[in-house]
Amino acid sequence: MPRAVWKGPFVDAYLLKKADKVRGSGRNDIIKTWSRRSTIIPPFVGLTFGVYNGKKFVPVSVNENMIGHKFGEFAPTRTFTGHGGDKTAKK
Amino acid sequence: MTDGALVEIGKIVAPHGLKGEVKVILFLEDAARIEDYPLTLQNGTALTLESLRGHDEPYIAQFKGVHDRNASEALKGQLLYTPRSALPPPPDDAYYLHDLTGMTLVQNGTAVGIVNGFQDYGAGIILECTLNGREELIPFKDGFIGAIDAPARTVELLWNLSWE
């Protein structure tokens with residue numbers, strides 16, 4: 001059964017405070033969080049979070065397409081080594 | 001990475017059928033590009049692609065000179081390589097991910113670390129780096145990474161390791 005709509009998305013309160021603080025400071029700090037269960041909400045867009053995967057804080061740069069997903073979805077807890085092949089990346 | 005270096009672009013995972021076809025997974029942005037690249041195995045043996053079919057991984061490939069089950073089973077587990085020089089120049093402001101590996105991280109003109117690899121978990125490219133003896137994950141993003149000097153093989157680090 002999905003979460004009741006009237007409750008709104010779940011976000012740990014401390015994460016909202018941290019996000020407000022970083023947004024106010026204007027610095028490009030990475031926000032450490034252990035809260036993999038928190039939902040990504042619109043005020044988080046543009047910020048970078050370090051989501052704990054049990055070993056490291058995996059940087060997650062939040063964009064609009066991630067809204068509604070949980071932070072944990074972007075920080076796998078099991079090791080995977082990818083291949084570059086001919087893939088390119090832009091900053 | 002030098003132009004003479006080889007780049008991993010795929011892997012033969014299993015034989016397919018009795019006529020020498022094999023299942024391959026490709027590490028390419030577009031699987032059809034494999035036809036543009038000369039292929040070699042790790043031991044230097046050249047392979048020529050005769051056909052590639054399928055809509056998703058694993059694709060079914062047929063290589064020249066491989067026309068029976070015994071020959072295709074011998075290829076199982078082999079990685080496919082292409083020379084770095086065979087890859088086209090990357091688009092403007094883009095970089096081949098494998099080229100970033102091994103680059104030196106520079107901050108305020110001082111070498112502070114090295115790029116060991118990269119990951120992509122769906123939230124942007126992440127560089128796996130060793131900084132001052134510690135392993136760090138750094139987002140490959142403006143504000144964290146500055147200018148990249150490909151000939152000098154350096155990456156400018158803008159992030160001052162500040163966490164909230």
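Here's what I pulled together on the structure shown here. Predicted model only: the values in this text are computed from it and were never measured.

All names here are of chain B. Spatially, the 6 strands line up as an open sheet ordered E12-E11-E10-E9-E14-E13, and their pairing is mixed. Either end of the sheet is taken by a strand with one partner, and the two such strands are strand E12 (134-139) and strand E13 (145-149). When strand polarity is set aside, the average angle formed by the axes of neighbouring strands in this sheet is 35°. With 4 bridges joining them, strand E9 (residues 104-107) and strand E10 (residues 110-120) adopt antiparallel strand pairing. Bridge pairing in E10 places Val 106 opposite Ala 111.

Contacts between the two partners involve 33 residues from chain A and, on the opposite side, 41 residues from chain B. Across the chain A to chain B interface the summed buried area is about 3,400 Å²; carbon plus sulfur atoms make up 58%. Our enumeration of links across chain A and chain B arrives at 3 salt bridges. Our count for the contact surface shared by chain A and chain B stands at 12 residue pairs in polar contact (both at pLDDT 80 or more). Elements that contribute at least two residues to the side of chain A that touches chain B include exactly helix H1 (13-25), strand E1 (30-33), strand E2 (48-52), strand E3 (57-61) and strand E4 (88-90) of chain A. In terms of residue count, the dominant contributor to the side of chain A that touches chain B is E3 of chain A (5 residues). In the sheet, E4 of chain A pairs with strand E8 (residues 94-96) of chain B via 3 bridges, with the strands oriented antiparallel.

So, how was this worked out
Residues numbered from 1 in each chain as written. Chains lettered and ligands numbered in written order. Predicted model: local features only at pLDDT ≥ 70, side-chain atom pairs only at ≥ 80, totals over all residues. Heavy atoms only, no water. Pairing = 2+ DSSP bridges. Helix = DSSP H or I, 4+ residues; strand = E, 2+ residues; numbered from the N terminus. Axes fitted to C-alpha atoms, helices over the stretch in contact; angles between N-to-C directions. Contact = heavy atoms within 4.5 Å. Buried area = accessible area lost by both parts, 1.4 Å probe. Salt bridge = Lys/Arg side-chain N within 4 Å of Asp/Glu carboxyl O. Polar contact = N/O pair within 3.5 Å; in protein donor to acceptor, adjacent residues only side chain to side chain.

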